[in-house]
Amino acid sequence: DGGITQSPKYLFRKEGQNVTLSCEQNLNHDAMYWYRQDPGQGLRLIYYSQIVNDFQKGDIAEGYSVSREKKESFPLTVTSAQKNPTAFYLCASRFAGDAFFGQGTRLTVV
Amino acid sequence: AQSVTQLGSHVSVSEGALVLLRCNYSSSVPPYLFWYVQYPNQGLQLLLKYTSAATLVKGINGFEAEFKKSETSFHLTKPSAHMSDAAEYFCAVSPTDSWGKLQFGAGTQVVVTP
């Protein structure tokens, strides 16, 4: 089936460690997005990519990094510089205006 | 710059009553507008979208929304609420390309009471 796969669904990390969240799509979409979701704050845009080897910062990019080496993949690294990384992270791809979302990764930093 | 504001973080409706969720947008150019629904611990699902064609847009599950440029609004309605409509709803805005910055409101949690 076509879609967006985020892995893992739950992730636990110790404070100070970098962690990479996976996002893969087989929809052949050019644009991909990463959002962070916290209760009462909706979805906040971290990074987005409109084409391979190119990406732009969103509204809350500090403490995060991304790469887009392949059309299908847009991994997000949460670095130790991110002050409050515990959150629900959502990846999306977009075609003809419509965004399609993965099931999310819940990251907990202890 | 573009943004959306959703009025009301929580809405409670009785089963069978009208559902009305409010969204106002701010954009320097005519935008695309979207409504998404999210069930607990899941991703978002597109309900409907406005892309500068008809101002009254019909979506899935009986929802519809009307684009009103004069009021910069894109409110979501459903004539009769069902228990399965209990979820969180997000309004979103983007430029009128297919791959630009897509930004979301803070969300409205809908509770449906018997």
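Draft legend 1. Here's a closer look at the overall build of chain A. Scanning chain A from N- to C-terminus turns up 0 helices and 11 strands. Taken from N to C terminus, the helices and strands of chain A fall in the order β-β-β-β-β-β-β-β-β-β-β. Taking 13 Å as the expected radius of gyration for a compact globule of 110 residues, we find that chain A reaches 13 Å, a close match to that expectation. Expressed along its principal axes, the backbone C-alpha trace of chain A runs to roughly 40 × 25 × 25 Å.

Draft legend 2. Quick look at the confidence of the model for chain B. On average, chain B scores 92 in pLDDT, and the residues at 70 or more come to 99%. When pLDDT is averaged over each element of chain B, strand S8 (residues 73-78) of chain B comes out on top at 97 and strand S10 (residues 103-104) of chain B at the bottom at 90.

Draft legend 3. Expanded view of the state of the cysteines. In the structure shown here, the tally under the stated rule is 2 disulfides over all chains. Disulfide pairing is shown between cysteine 23 of chain A and cysteine 91 of chain A; the S-S distance is 1.9 Å. With the S-S dihedral at roughly -75°, the linkage between cysteine 23 of chain A and cysteine 91 of chain A falls on the left-handed side. Highlighted residues: cysteine 23 of chain A in strand S3 (residues 19-25) and cysteine 91 of chain A in strand S9 (residues 87-95), separated in sequence by 68 residues. Here cysteine 23 of chain B is linked by a disulfide to cysteine 91 of chain B, with a sulfur-sulfur distance of 2.0 Å. Linking cysteine 23 of chain B and cysteine 91 of chain B, the disulfide has an S-S dihedral of approximately -65° and is accordingly described as left-handed.

Draft legend 4. Geometry of the layout of surface pockets. Size it by volume and the largest pocket reaches roughly 450 Å³. In terms of lining residues, the largest pocket is bounded by 26 residues, among which Gln37, Asp38 and Pro39 of chain A together with Gln38 and Glu88 of chain B are the most central. Listing elements by their share of the lining of the largest pocket, those giving two or more residues are S9 and strand S11 (105-109) of chain A together with strand S9 (87-94) of chain B. Of the residues belonging to the lining of the largest pocket, the class tally is 10 nonpolar, 13 polar and 3 charged. Considering the residues around the second largest pocket, the lining is formed by 14 residues, among which Glu15, Gly16, Gln82, Pro85 and Val109 of chain A are closest to the centre. For the lining of the second largest pocket, the class distribution of residues is 5 nonpolar, 7 polar and 2 charged.

Draft legend 5. Quick peek at the interface of chain B and chain A. Of the residues lining the interface, 22 residues belong to chain B; the matching set on chain A comes to 24 residues. With both chains or domains summed, chain B and chain A bury close to 1900 Å², and 48% of this area falls on carbon and sulfur atoms. On the surface where chain B and chain A come into contact, there are 2 salt bridges. Linking lysine 101 of chain B and aspartate 59 of chain A is a salt bridge whose minimum nitrogen-to-oxygen distance equals 3.3 Å.

Draft legend 6. Seen up close, the pattern of salt bridges. With the rule as written, the count across this model stands at 7 salt bridges over all chains. Through salt bridges with shared partners, one network takes in Arg36, Asp38 and Arg44 of chain A.

Rules used throughout
Residues numbered from 1 in each chain as written. Chains lettered and ligands numbered in written order. Predicted model: local features only at pLDDT ≥ 70, side-chain atom pairs only at ≥ 80, totals over all residues. Heavy atoms only, no water. Helix = DSSP H or I, 4+ residues; strand = E, 2+ residues; numbered from the N terminus. Rg over C-alpha atoms; globule rule 2.2 N^0.38 Å. pLDDT = per-residue confidence, 0-100. Disulfide = S-S within 2.5 Å. 1 Å grid on protein atoms, 1.4 Å probe; cavity = no way out; pocket = protein on both sides within 12 Å on 5 of 7 lines; lining within 4 Å. Points joined across faces, edges and corners; volume = space filled by probe spheres on them. Nonpolar A, V, L, I, M, F, W, Y, C, P; charged D, E, K, R; others polar. Contact = heavy atoms within 4.5 Å. Buried area = accessible area lost by both parts, 1.4 Å probe. Salt bridge = Lys/Arg side-chain N within 4 Å of Asp/Glu carboxyl O.

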